[in-house]
Amino acid sequence: MNKMEGLIQQLKANDAAKHDEHATTGDIIYGNGSFYFRNKPVRVTGTAIKQLCVQCGIPTDFWRERLTPVERAIIFNRLSREQGETERLYRFHDNTLYGVVSPRYKKLDNIMLLDILQSAQDSGIGLMPVNYTLSFDLTKVKLVPTSAQVGELAPMIEFTNSENGQGSLQVHAGVYRWICSNGMMVPVGDIMRSRWMHLGNNEIQLPDLNTVLNRSHEYLERMDRARSRYLTAGDKAEIITGVASAMGHTAADRVVRSANREYHGGRTLFDAVNSITRAAQAFQPQKQSDMERYASTLLAA
């Protein structure tokens with residue numbers, strides 16, 4: 001089975017396992033160390049726990065770290081009842097609650113990517129997935145043209161989406177580096193509609209994939225030129241300071257480690273960009289995307 005077939009089958013299987021329930025806050029309670037939905041025990045993801053705590057006004061860290069199971073039951077159930085008949089949309093995958101959102105939440109689920117993949121095939125571009133992560137919190141699908149398998153760098157189109165209120169459906173241009181499977185994400189919102197929120201009456205229109213690829217080619221050329229732009233010690237310090245400010249000190253430390261181990265200590269701008277995208281792979285999908293987008297800003301000037 002190739003990656004395209006695997007992606008399609010996984011999208012269909014995940015969608016078939018999902019179901020949504022419109023219910024009130026009182027339909028979910030906590031007891032004996034577990035959550036119960038309509039009197040049946042359910043598994044609950046970390047994000048769903050956070051959303052349940054938020055709807056009751058409970059600080060999530062306080063819930064997780066300071067309360068005993070008995071205290072959790074007393075506090076959660078009392079505050080949940082105080083919400084009265086407030087309606088929520090509870091999103092399940094089999095027996096796992098992975099999202100608690102507003103009943104106005106507009107579902108733009110990952111299954112929509114099937115239409116995008118079909119559109120890509122019909123257009124003659126011949127896109128194939130080189131990397132994908134299907135997650136409740138953030139799905140990431142990286143596609144490159146089948147004609148771009150020769151050489152170190154390839155133009156890339158990346159789609160990201162969340163099915164539990166953690167983010168919108170978005171499309172990015174990008175550059176993919178075969179040798180280490182790193183991807184750099186480039187916003188395209190200035191040239192086309194590239195983001196669809198999960199609230200409101202947004203009409204979904206498939207993006208012009210050729211336009212996205214044109215932006216990808218532009219940044220691929222910038223990456224090639226970055227090979228010959230050598231960085232001074234001051235340049236490197238400025239880049240790391242910027243990463244720390246935008247992404248946090250843990251991310252900056254990872255970038256330094258990546259540069260020293262794999263990218264000649266950040267000798268060139270090319271090495272610096274790759275150090276960021278390589279370090280991004282150590283983080284969860286949302287943080288990874290933030291770092292991959294940040295990397296492209298180094299080439300924007």
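These remarks concern the structure in this document.

Reading the values: the criteria
Residues numbered from 1 in each chain as written. Predicted model: local features only at pLDDT ≥ 70, side-chain atom pairs only at ≥ 80, totals over all residues. Heavy atoms only, no water. Helix = DSSP H or I, 4+ residues; strand = E, 2+ residues; numbered from the N terminus. Buried < 20%, exposed > 50% of the residue type's maximum accessible area, 1.4 Å probe, protein only. Contact = heavy atoms within 4.5 Å. Areas by Shrake-Rupley, 256 points an atom, 1.4 Å probe, with all protein chains shown as cover. Core = buried A, V, L, I, M, F, W, Y, C linked by side-chain atoms within 4.5 Å. Pairing = 2+ DSSP bridges. Axes fitted to C-alpha atoms, helices over the stretch in contact; angles between N-to-C directions. Expected span 1.5 Å × (residues − 1). Salt bridge = Lys/Arg side-chain N within 4 Å of Asp/Glu carboxyl O.

### A look at the overall build of the chain
Thought 1: Along the backbone of the chain there are 10 helices and 12 strands.
Thought 2: Its C-alpha atoms put the chain at 65 × 45 × 35 Å along the principal axes.
Thought 3: Counting across all 301 residues of the chain, residues that qualify as buried make up 50%.
Thought 4: When contacts within the chain are restricted to residue pairs at least 6 apart in sequence, long-range pairs at least 24 apart make up 63% of them.
Thought 5: Counting only carbon and sulfur atoms, one obtains 48% of the accessible surface of the chain, whose full area is about 14600 Å².

### Digging into the side chain of His172
Thought 1: Examined against the element boundaries, His172 turns out to sit in strand 10 (residues 169-177).
Thought 2: On the accessibility criterion, His172 (2% relative accessible area) is buried.
Thought 3: The contacts of His172, once residues within four sequence positions are left out, are Met156, Ile157, Glu158, Thr160, Met185, Val186, Pro187, Val212 and Arg293.

### Regarding the nonpolar core
Thought 1: Among the nonpolar cores identified, the biggest contains 53 residues, and Met184, Val243 and Met291 are the most heavily contacted of them.
Thought 2: Discounting residues that sit within four places of it in the chain, Met291 has contacts with Met247, Ala251, Val255, Ile276, Ala279, Ala280 and Phe283.
Thought 3: Listed in part, the 21 residues of the second largest apolar core include Ala23, Ile28, Tyr30 and Tyr90.

### Comments concerning the environment of His93
Thought 1: Turning to its location among the elements, His93 is positioned in strand 5 (residues 87-93).
Thought 2: Its relative accessible area of 18% is what places His93 among the buried residues.
Thought 3: Between the C-alpha atoms of His93 and Phe136, which are 43 residues apart in sequence, the distance is 9.1 Å.
Thought 4: Every residue in contact with His93, bar those within four places of it in the chain, is listed here: Asn14, Ala17, Lys18, Tyr98 and Phe136.

### Here we look at the sheet that holds strand 5
Thought 1: Reading across the sheet, the six strands line up as 1-5-6-4-3-2 and stay open at both edges, with mixed pairing between neighbours. Each having just a single partner strand, strand 1 (18-24) and strand 2 (28-31) make up the two edges of the open sheet. Taken pair by pair, the neighbouring strands of this sheet meet at an average axis angle of 45°, ignoring direction.
Thought 2: Two elements, strand 4 (residues 40-44) and strand 6 (residues 96-101), share two bridges in a ladder whose sense is parallel. Within strand 6, the position partnered with Arg43 by the bridge is Thr96.

### Side note on helix 7 (residues 233-247)
Thought 1: Helix length check: helix 7 (15 residues) gives 21 Å between terminal C-alpha atoms against 21 Å at 1.5 Å per residue, within 8%.
Thought 2: For helix 7, the complete set of buried residues consists of Ile239, Gly242, Val243, Ala244 and Met247.
Thought 3: Turning to helix 7, the residues buried within the fold contact helix 8 (249-262), helix 9 (269-280) and helix 10 (285-297).
Thought 4: At the C-terminal side of helix 7, Gly248 shows a positive phi close to 105°.

### Some points on the side chain of Arg91
Thought 1: Relative to the helices and strands, Arg91 resides in strand 5.
Thought 2: Residues within four places of Arg91 in sequence aside, it is in contact with His19, Asp20, Thr96, Leu97, Tyr98, Gly99, Val101, Tyr105, Lys107, Asp109 and Glu163.

### Considering the pattern of salt bridges
Thought 1: Scanning all chains against the criterion turns up 19 salt bridges.
Thought 2: Between Arg78 and Glu82 there is a salt bridge; the shortest N-O distance is 3.3 Å. Placement of the pair is Arg78 and Glu82 together in helix 4 (residues 69-82), with a separation of four residues, close to one helical turn.
Thought 3: Since its relative accessible area comes to 41%, Arg78 is described here as partly exposed.
Thought 4: Since its relative accessible area comes to 54%, Glu82 is described here as exposed.

### Overview of the pairing of strand 10
Thought 1: Most of strand 10 is tucked away, with eight of its nine residues classed as buried.
Thought 2: By the bridge criterion, eight bridges tie strand 9 (residues 153-161) to strand 10 in an arrangement that is antiparallel. Across the sheet, the residue bridging to Thr160 is Gln170, located in strand 10.
Thought 3: Judged from the two bridges that link them, strand 10 and strand 12 (residues 195-196) form a sheet pairing that is antiparallel. Counted as the bridge partner of Gln170 is Arg195 from strand 12.
Thought 4: Sheet topology note: the strand 10/strand 11 (residues 182-186) ladder contains five bridges and is antiparallel. Across the sheet, Gly174 pairs through a bridge with Met185, a residue of strand 11.

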